[in-house]
Amino acid sequence: MILPKVIEIRRRALDLLCRQHAAKDRISDDPIEIPHRYKDPREIEIAGFIAAVLAYGRVDLFKACVDQVLALAKDGLYAYLKDFDAARERPRFQGIYYRFNTTQDLFDLMCLMSGVVKKYQTIGTLFQNGYEAHDPDIGPTLSRFVAALRELLGTKPSRGFSYLLPSPASGSACKRLNLFLRWMIRPEDGVDFGFWKEIPPAKLIIPLDTHIIRISQYLQLTSRKTPDWKMAQEITAALRQCDPMDPLRYDFSLCHLGISGACPLKASPETCRICVLQQICFPGQAFL
Ligand code: SF4
């Protein structure tokens, strides 16, 4: 049981971090830079989905792969997928691959995006079709969404392709899909887009990347050791105490505290002394 006074101190520190942090200035260092290149919300969704699911490993490397895939749609991403002809397009994917994902995986990903466009018009329509207001968080909707995508794919996914589409139903933290959902569902604030208004931001679950895990442990937002869906739920629940309607409001700033190096892997008195989270942070007592 956390005392209301402790929650208030934590909330103030996190709010200060968000105010201090010019989030828009850091978009270029974040995968969300990719969907921000587009104007049409349907294309923002698709580019965002592709960028998010491939957002593993080094930023410059996965961005290069996403750029190659998106460059195939020279005359507009939405029109390209609406008119996607698998036999015609397959040879154009030659030479495009990224780490765990083969050329076939990336081709299948675009076939899947085309299937969504042809059957549902938008990713948002498909996702929101599966939303049930009584679900405690976004997990069950995300599981239904992933199941619908796998069904639409129509073939048994390769191991690499399965890596792109994990499901909360299997306990995975689903970091990259939760990142995509934050982009689509959180209110428009110059970073996130706020397109899917049917779904309350309070239902989102934090994208559990290495920076969020480490800093959340320093801030004692979680006592769990395994980076799974349950840990993501626990950290989100702690943030929900600070902002019940929009707990992921803190995600971008916390994550970029790590990405920018302002909170280095090895905490030092010099970096901690100027950090606005110092009062609520206990790096020496992290549970790792
Ligand atoms: S106080 Fe130090 S360890 Fe804690 S978040 Fe800030 S820089 Fe990182």
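Parameters and conventions
For every chain, the first residue of the written sequence is number 1, and numbering continues from 1 onward in sequence order. The predicted origin of the model limits local features to residues at a pLDDT of at least 70 and limits the giving and counting of side-chain atom pairs to 80 or more, whereas totals for whole chains, interfaces and linings rest on all residues. Excluded from the side-chain calculations are hydrogens and water; all other atoms, namely the structure's heavy atoms, are used. Definition of nonpolar core: a set of buried residues of the types Ala, Val, Leu, Ile, Met, Phe, Trp, Tyr and Cys, connected through side-chain atoms within 4.5 Å. Burial status follows relative accessibility: with a 1.4 Å probe on protein chains alone, a residue under 20% of its type maximum counts as buried, one over 50% as exposed, and anything between as partly exposed. Here the bounds of each domain stem from an automatic or database domain assignment. Surface patches are drawn from residues lacking salt bridges whose relative accessible area is over 30%; two like charges belong together within 9 Å, two nonpolar side chains (Val, Leu, Ile, Met, Phe, Trp, Tyr) within 5 Å. Values of accessible area rely on a 1.4 Å probe in the Shrake-Rupley scheme; residue burial ignores everything except the protein chains shown. Salt bridges, as used here, are contacts in which a Lys or Arg side-chain nitrogen is within 4 Å of a carboxyl oxygen on Asp or Glu. Secondary structure is summarised from DSSP: a helix means a run of H or I of at least four residues, a strand means a run of E of at least two, and numbering begins at the N terminus for each. Between the rings of Phe, Tyr and Trp (Trp by its six-membered ring), a pair exists once the centres lie within 6.5 Å; its type follows the angle of the planes, with under 30 degrees stacked, over 60 edge-to-face, and the other angles tilted. In what follows, a contact means two residues having at least one pair of non-hydrogen atoms within 4.5 Å. Defined in terms of a 1.4 Å probe, buried area is the accessible area two parts forfeit on being brought together, summed over both. Think of a polar contact as two N or O atoms within 3.5 Å of one another; within protein, one of them needs to be a possible hydrogen donor and the other a possible acceptor, and neighboring residues in sequence only count if both atoms come from side chains.

**Focus on the nonpolar core**
Consideration 1: Phe49, Leu254 and Leu277 are the most contacted members of the largest nonpolar core, which totals 98 residues.
Consideration 2: Counting residues domain by domain, this core receives three or more from each of domain 1 (1–26 + 206–288) and domain 2 (34–205).

**Quick word on a nonpolar patch on the surface**
Consideration 1: Together, Ile2, Leu3 and Val6 make up an exposed nonpolar region whose accessible area comes to about 240 Å².
Consideration 2: The residue Val6 is located in helix H1 (residues 4–20) in this model.
Consideration 3: Here Val6 falls in the partly exposed class, since its relative accessible area comes to 38%.

**Let's talk about unusual backbone geometry**
Consideration 1: Of note in this structure, Arg99 is not a glycine but carries a positive phi near 40 degrees.
Consideration 2: Residue position: Arg99 is located in the loop between helix H5 (86–89) and helix H6 (103–120).

**A word on the packing of aromatic side chains**
Consideration 1: One pass over the full model with this rule turns up 13 aromatic pairs.
Consideration 2: Here the aromatic rings of Tyr56 and Phe100 are separated by 5.1 Å at their centres, their planes lie at 5 degrees, and the arrangement is stacked. Residue Tyr56 is found in the loop between helix H2 (41–53) and helix H3 (59–71), and its partner Phe100 is found in the loop between H5 and H6; the two are separated by 44 residues along the sequence.
Consideration 3: Assessed through its relative accessible area of 42%, Phe100 is described here as partly exposed.

**Let's talk about the domain arrangement of the protein**
How big an interface is tends to be reported as the loss of accessible area on association of its parts.
Consideration 1: Entries for the protein in the domain assignment read domain 1 (1–26 + 206–288) and domain 2 (34–205).
Consideration 2: Distance from the C-alpha centre of domain 1 to the C-alpha centre of domain 2: 27 Å.
Consideration 3: Listed per partner, the contact involves 21 residues of domain 1 and 22 residues of domain 2.
Consideration 4: With both chains or domains summed, domain 1 and domain 2 bury close to 1,600 Å², and 65% of this area falls on carbon and sulfur atoms.
Consideration 5: By the criterion of area lost to domain 2, the three top residues of domain 1 are Pro207, Trp229 and Leu248, representing 39% of everything that side buries.
Consideration 6: Inspection of the domain 1/domain 2 interface yields two salt bridges.
Consideration 7: The salt bridge partner of Arg186 is Asp246, with a shortest N-O separation of 2.7 Å.
Consideration 8: Linking domain 1 to domain 2 there are six residue pairs in polar contact (both at pLDDT 80 or more).
Consideration 9: Those elements that provide at least two residues to the side of domain 1 that touches domain 2 are helix H12 (229–242) and helix H13 (251–259).

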